[in-house]
Amino acid sequence: MAQSLTRHLPLALLAAAILSMAACHHDEPNGNRPGQGGSHVTPSDTVPPNDTTTHPTDTITPPPTDTTSSDTFTLTLSAPRDYGYMGQTLQFTAVTSSEATVTWASSNPLAATVDNQGLVSIANLSGDGKTIITATACGVADSLSLQCLYWAVAALTDGAWSAAPYRQLHHGDTLSLTLVGSNAAPIDDGGFNAASCQWSVTCRQADAGQLFDSSEAPSQANGWQARYVISPDAPTGVTFTVMARFGQAASALSCVVMP
């Protein structure tokens, strides 16, 4: 029995020591605990102050909508006027917002054609016509309507102008000629550019110089009119043709000298 107590003594002493330490470390009021070298005060837990740091609202704005029209291509077509006479040329102009190749087209090539520079040539017509000239570049097009007007040589007969293609004349007669439109009215239009109208006479049977009085040479003072006086020495039975030419268009009147 004594031997058994002796064998277990170290364990008993260890347990007593642990109990003694626990008794010496019980909490004192107000959180004070006696300790080696004086008392140690554990500070009370404090609530951290409210976070007064301000965080400004994010003012970064999204990029603005692109309203730049740099990708927008424009083309504007212009012309000297909206009509012209057969044989006349008119320069059409296409203005583009940026450099581009312009292509041209005429809706009625029988009335007028257009080259790759916008130069419109009105054809030799049998009557008034119409076409639409279109310029296109970068998929953008603009068009203008063009009236293509007919003209013919007419002779003055009994105070009226007649576009009849044949006339009989006698020695000393005066042949007065003008250009008339499809309505048989004389053309008196600055847009005709009549100074470019060229008159000519052809005769296969005699020299044209023998047909007319030298003192009455053809007058082209106003471009679209001419006058010829049949010479008393003009050969009888001779036929001649008076032609007016304007660009690539022409009209003519045939005459015969009667006895």
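Note: the structure precedes this text.
Values in this document were obtained by computation on a predicted structure and should not be read as measured data. Here the residue index of a chain counts from 1 through its sequence in written order. Reporting in this predicted model follows two pLDDT cut-offs: at least 70 for local features of residues, and 80 or more for side-chain atom pairs to be given and counted; totals over whole chains, interfaces and linings ignore these cut-offs and use all residues. The side-chain numbers reported here are obtained from all heavy atoms of the structure, hydrogens and water having been left aside.

S.K.: Tell me about the overall build of the protein chain, and name the residues and values.
M.R.: Secondary structure counts use DSSP, requiring at least four H or I residues in a row for a helix and at least two E residues in a row for a strand, with both numbered from the N terminus. Secondary structure summary: the protein chain contains two helices and 17 strands in total. Accessible area is worked out with a 1.4 Å probe on protein chains only. A residue is then buried under 20% of its type maximum, exposed over 50%, and partly exposed in between. Residue burial in the protein chain is summarised as follows: out of 259 residues, 27% are buried. Any two residues whose heavy atoms approach within 4.5 Å are treated as being in contact. In the protein chain, once contacts between residues fewer than 6 apart in sequence are set aside, the share between residues at least 24 apart is 58%. Here the protein chain has roughly 16,700 Å² of accessible surface; of this, 54% comes from carbon and sulfur atoms. All accessible-area figures derive from a Shrake-Rupley calculation using a 1.4 Å probe, and residue coverage is judged against the displayed protein chains alone.

S.K.: Could you give me a rundown of the packing of aromatic side chains, with the residues and numbers involved?
M.R.: To describe a pair of aromatic rings, you give the distance between the ring centres and the angle between the ring planes. Ring geometry is summarised as follows: Phe, Tyr and Trp rings, the Trp one being its six-membered ring, pair when their centres sit within 6.5 Å, and such pairs are stacked at plane angles under 30 degrees, edge-to-face over 60 and tilted between the two. Taken as a whole and assessed by the stated rule, the structure comprises three aromatic pairs. Between F212 and Y228, the ring centres sit 5.0 Å apart and the planes meet at 45°, which makes this aromatic pair tilted. On the criterion of sequence distance, the pair formed by F212 in the loop between β14 (198–202) and β15 (225–229) and Y228 in strand β15 is long-range, its members being 16 residues apart. Y228 matches F212 in its accessibility class, with the two residues each being buried. Seen in terms of ring centroids, F212 and F240 are 5.4 Å apart; in terms of plane orientation they differ by 90°. Their pairing is edge-to-face. Placement of the pair is F212 in the loop between β14 and β15 and F240 in strand β16 (residues 239–246), with a sequence separation of 28 residues. For the pair F212 and F240, a shared accessibility class is recorded, and that class is buried.

S.K.: Before we move on, could you go through the environment of A252 and cite the residues and values that matter?
M.R.: Secondary-structure assignment places A252 in strand β17 (residues 249–257). With relative accessibility at 34%, the residue A252 sits in the partly exposed group. Linking A252 and S200, residues 52 residues apart in sequence, is a C-alpha distance of 9.4 Å.

S.K.: Explain the sheet that holds strand β3 (residues 89–91) residue by residue, including any values.
M.R.: What makes two strands pair is DSSP finding at least two bridges between them. Taken in spatial order, the three strands of this open sheet run β3-β7-β6, and their pairing is antiparallel. In this open sheet, the two strands that pair with only one neighbour each are β3 and β6 (112–114). On average, adjacent strands in this sheet sit at an angle of 20° to one another, irrespective of strand direction. Bridge count for β6 against strand β7 (residues 119–122) is three bridges, and the pairing is antiparallel. Each residue of the ladder has a partner; that of T113, found in β7, is S121. Fitting a line to C-alpha atoms yields each axis, with helices limited to the stretch in contact; the angle taken between N-to-C directions then spans 0 to 180 degrees.

S.K.: Tell me about the environment of G237, and name the residues and values.
M.R.: Summarising the element assignment, G237 is placed in the loop between β15 and β16. Relative accessible area serves as the criterion here: at 39%, G237 is assigned to the partly exposed category. Along the primary structure G237 and M258 are separated by 21 residues, whereas in three dimensions their C-alpha atoms are 5.7 Å apart. When sequence neighbours within four positions are dropped, the list of residues in contact with G237 reads Q205, V256 and V257.

S.K.: So what's going on with the sheet that holds strand β12 (residues 166–169)? Which residues, and what values?
M.R.: The four strands lie next to each other as β12-β17-β16-β14, forming an open sheet whose pairing is mixed. In this open sheet, the two edge strands, each paired with only one partner strand, are β12 and β14. Strand-to-strand twist across the sheet, computed as the mean angle between neighbouring axes with direction ignored, equals 25°. Across eight bridges, the pairing between β16 and β17 is antiparallel. Each bridged residue has a counterpart across the sheet, and for T241 the counterpart in β17 is S254.

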